[in-house]
Amino acid sequence: MLEKAVSVLDCFQEAGGPYRLTELTVRTGLSKTTVHRLTTDLVRLGLLERSGDAYHLGGKLFELGTLVPRRLDLREAALPFLQDLFEATRETVHFGIREHHEVVYLERIHGHDVLPLPSRVGGRLPLSCTGVGKALLAFTGPDLLDQVLETPLPRLTSHSLTDPARLRTEIEQAQVSGMAYEEQEAALGVSCIAAPVFAGSGTAVAALSVAVPVARYHPARLAPAVRTAALGLSRVLRSGA
C-alpha cells in the first residue's frame, strides 16, 4: 500500500498538478476505488491538499523536503553565491543537483522578466536539455554520459538535442571549457550558461546557471559571472565552511 501511495505522489513530479481523481487513476494505473482511498488518507496526513474536485501536493511535503540534510546544506551554502550572481546579471539563476538522469532544482531566483521556463524549485528536468544538466553530465564521469546516450534523448523543444553524437560533442566541449551551454533546448526563447560545483573531488555535486532571453544571450559577458559563482561555492564546499 505504501508503494501505491508513493505512485500517487509521483504523479505530481512532472507538472505539479492539480489533478482530478480520474486523472490520478489514469496516471497510476490503479483502480478508482484504490486511488480514492489513498488520496483521502494522503489529504488527512497533509501530504496532499484538495481544492474542489482536484488534488495538489500538501504543505507537509514541502516542510519535510526542506529538511533533507544534503539538499538543505547545499542550498544554504549556495544562496550567497546565487544572490551575487543575480546581482551581477539581473537574470534568472538556477541551482540544481543530479538524481539519476534528471536535474532536481534546489533554488531558482527570478530575473526581472517572467521567462517561460519549465524549471521550478523541487522540479525535475532531463540532464540533456538543460544547462545545469549538461554541466553535471560533463563532470560526473563517463559512465553516466554513456548511460544517458544509450537511451532515447527527450525532446522538450524543437532545439533539444536528440542526436547522441551531437550531445557527446557538446559535453566534451564543456569538459574542456568548464562551462555548459544550452540554447532554447528547455524552453523556446530562453538560453542558458552553466558551470559545475565541486566539493573535494573531480565529480560535480551540483551546478548553477543563468537563464536569459535569447536577445540578451551573450556568453562572453555572462560566462565569467557564472564561473566566478561556481568557483566561489566550490571553494566553500571544499573547505567545509
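All of these numbers come straight from a predicted model, not from anything done at the bench.

## Concerning the pattern of salt bridges
Under the criterion given, the structure shown has 10 salt bridges. Note that glutamate 91 and arginine 216 form a salt bridge whose closest N and O atoms lie 2.7 Å from each other. One end of the pair, glutamate 91, is in the loop between helix 5 (69-89) and strand 4 (92-99); the other, arginine 216, is in the loop between strand 9 (204-213) and helix 9 (219-239), and 125 residues separate them in sequence. Residue class for glutamate 91 comes out buried when judged on its relative accessible area of 5%. Taken together, the shared-partner salt bridges in this structure form one network comprising Glu99, Glu102 and Arg124.

## Remarks on the pairing of strand 8 (residues 190-198)
Among the 9 residues in strand 8, 9 count as buried, and that is most of the element. Once strand 7 (residues 180-183) ends, the chain turns through 6 residues before running back antiparallel as strand 8, passing glutamine 184 with a positive phi of about 60°. Relative to strand 9, strand 8 runs antiparallel, the two being bridged by 9 bridges. Note that in strand 9 the partner of alanine 194 across the bridge is serine 209. With antiparallel pairing between neighbouring strands as the criterion, strand 8 and strand 9 make up a hairpin whose turn holds 5 residues, including glycine 200 at a positive phi of roughly 100°.

## Let's talk about the nonpolar core
Membership of the largest hydrophobic core comes to 28 residues, with the highest contact counts inside it found for Phe95, Leu208, Val226 and Leu233. Only helix 5, strand 4, strand 5 (102-109), strand 8, strand 9 and helix 9 provide two or more residues apiece to this core. Of the residues forming this core, the biggest block, 7 residues, is contributed by helix 5. Sequence-distant contacts of phenylalanine 95, defined by excluding residues within four places in its chain, comprise Leu74, Arg75, Ala78, Leu82, Val104, Tyr105, Leu106, Glu107, Ala206, Ala207, Leu208 and Leu233. If you look at the next biggest cluster of nonpolar residues, it comprises 24 residues, including Leu136, Ala138, Leu144 and Leu161.

## Quick notes on unusual backbone geometry
Here arginine 90, not a glycine, exhibits a phi torsion of approximately 60°, which is positive. Mapped onto the elements, arginine 90 comes out in the loop between helix 5 and strand 4. Relative accessible area serves as the criterion here: at 37%, arginine 90 is assigned to the partly exposed category. At glutamine 184, a residue that is not glycine, the phi angle is positive and equals roughly 60°.

## Describing helix 8 (residues 164-177)
Relative to the 20 Å expected for 14 residues at 1.5 Å per residue, helix 8 spans 20 Å between its end C-alpha atoms, a close match to the ideal helical length. Where helix 8 is concerned, the buried positions are Leu167, Ile171 and Ala174. Take helix 8 and look down its axis: the buried residues cluster within an arc of 55°, on one side only. Exposed side of helix 8, more than 90 degrees from the buried face: Ala165, Arg166 and Val176 are the residues found there. Packing partners of the buried residues in helix 8 comprise helix 6 (131-138), helix 7 (142-149) and strand 7. The first or second residue beyond helix 8 is glycine 178, which carries a positive phi of 80°.

## Let's talk about the packing of helix 7 against helix 8
Interaxial distance between helix 7 and helix 8 falls to 10 Å at its minimum, and their mutual angle equals 155°. In terms of their interaxial angle, helix 7 and helix 8 are classed as roughly antiparallel. Helix-helix and strand crossings are classified by hand; for helix 7 and helix 8 the assignment is right-handed. Contact residues: helix 7 offers Leu145, Asp146 and Leu149, while helix 8 offers Pro164, Leu167, Arg168 and Ile171.

## Re the sheet that holds strand 7
What the 6 strands build is an open sheet, ordered 6-5-4-9-8-7; its pairing is antiparallel. Edge positions in the sheet fall to strand 6 (124-126) and strand 7, since each has one partner strand and no second. Sheet twist, expressed as the mean angle between neighbouring strand axes with direction ignored, is 30°. Contacts from helix 9 reach strand 4, strand 7, strand 8 and strand 9, with the element oriented near 25° to strand 8.

Rules and cut-offs
- Residues numbered from 1 in each chain as written.
- Predicted model: local features only at pLDDT ≥ 70, side-chain atom pairs only at ≥ 80, totals over all residues.
- Heavy atoms only, no water.
- Salt bridge = Lys/Arg side-chain N within 4 Å of Asp/Glu carboxyl O.
- Helix = DSSP H or I, 4+ residues; strand = E, 2+ residues; numbered from the N terminus.
- Buried < 20%, exposed > 50% of the residue type's maximum accessible area, 1.4 Å probe, protein only.
- Pairing = 2+ DSSP bridges.
- Core = buried A, V, L, I, M, F, W, Y, C linked by side-chain atoms within 4.5 Å.
- Contact = heavy atoms within 4.5 Å.
- Expected span 1.5 Å × (residues − 1).
- Arc of directions from axis to C-beta.
- Axes fitted to C-alpha atoms, helices over the stretch in contact; angles between N-to-C directions.
- Parallel < 35°, antiparallel > 145°, perpendicular 65-115°, else oblique.
- Left-handed = near helix turned anticlockwise from the far one by under 90°.

Remember, this is a structural readout, not a statement about activity or role.
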